[in-house]
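Each chain, letter by letter, is given below.
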Amino acid sequence: MKPGIHPVTRPVVFRDRAAGTAFLIRSTAGSDRTVEWEDGVTYPVIDVEISAASHPFHTGTSRVPDTGGRVARFERRYRRAAHARG
């Protein structure tokens, strides 16, 4: 690695507001706000809206879209328009 071209990484706490969990990882992101972690050390904290702890794909709570209803609505809407034209 070339010296002086890589960003500085430091420990940062990311708090998932939706799941109420926190992760201590290394990041180049910084913050003015801090939080005391479980080890008693104070780290910068960044609040996020969604993470692996709350994302539907990772939690297995993903919903299947109602494609049948969408197709039926599309056909009803555009079938009428096609019949009206001729």
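Refer to the structure presented above.
By convention here, each chain's residues receive numbers from 1 onward along its written sequence. Local features in this predicted model are restricted to residues of pLDDT 70 or higher, and side-chain atom pairs are both shown and tallied only at a pLDDT of 80 or more, whereas totals for entire chains, interfaces and linings draw on every residue. As a rule here, side-chain values cover all heavy atoms of the structure and leave hydrogens and water aside.

Caption draft 1: Seen up close, the overall build of the chain. Helix and strand definitions here come from DSSP, where helices need a minimum of 4 consecutive H or I residues and strands a minimum of 2 consecutive E residues; each element is numbered from the N-terminal end. Across its full length, the chain holds 2 helices and 4 strands. Ordered by position from N to C terminus, the α and β elements of the chain give β-β-β-β-α-α. Every one of the 86 residues in the chain was classed for burial, and the buried ones make up 14%. Put simply, 34% of the contacts in the chain that link residues at least 6 apart link residues at least 24 apart. Three labels apply to residues, based on accessible area from a 1.4 Å probe with only protein chains included: buried if under 20% of the type maximum, exposed if over 50%, partly exposed otherwise in between. Every residue pair with non-hydrogen atoms within 4.5 Å of one another is taken to be in contact.

Caption draft 2: Seen up close, the pairing of strand S1 (residues 10–16). Pairing between strands is defined by DSSP: at least two bridges between the two strands are required. Alignment of S1 against strand S2 (residues 21–27), held across 7 bridges, turns out to be antiparallel. Note that in S2 the partner of Val-13 across the bridge is Leu-24. The hairpin formed by S1 and S2 contains 4 residues between the paired strands, and Gly-20 there has a positive phi angle of roughly 75°. Taken together, the 4 bridges between S1 and strand S4 (residues 42–48) define a ladder with parallel strand orientation. Following the sheet pairing, Arg-15 is matched in S4 by Asp-47.

Caption draft 3: Region of the structure containing the pattern of salt bridges. In what follows, salt bridge is the name for a side-chain nitrogen of Lys or Arg lying within 4 Å of a carboxyl oxygen of Asp or Glu. Scanning the entire structure with this criterion turns up 3 salt bridges. Close ionic contact of Arg-33 with Asp-47 constitutes a salt bridge, the shortest N to O distance being 3.1 Å. Within this pair, whereas Arg-33 is found in the loop between S2 and strand S3 (34–36), its partner Asp-47 is found in strand S4, the two being separated by 14 residues in sequence. Judged by its relative accessible area of 46%, Arg-33 is partly exposed. Exposure remark for Asp-47: the relative accessible area of 26% places this residue in the partly exposed category. Taken together, the shared-partner salt bridges in this structure form one network comprising Arg-15, Arg-33 and Asp-47.

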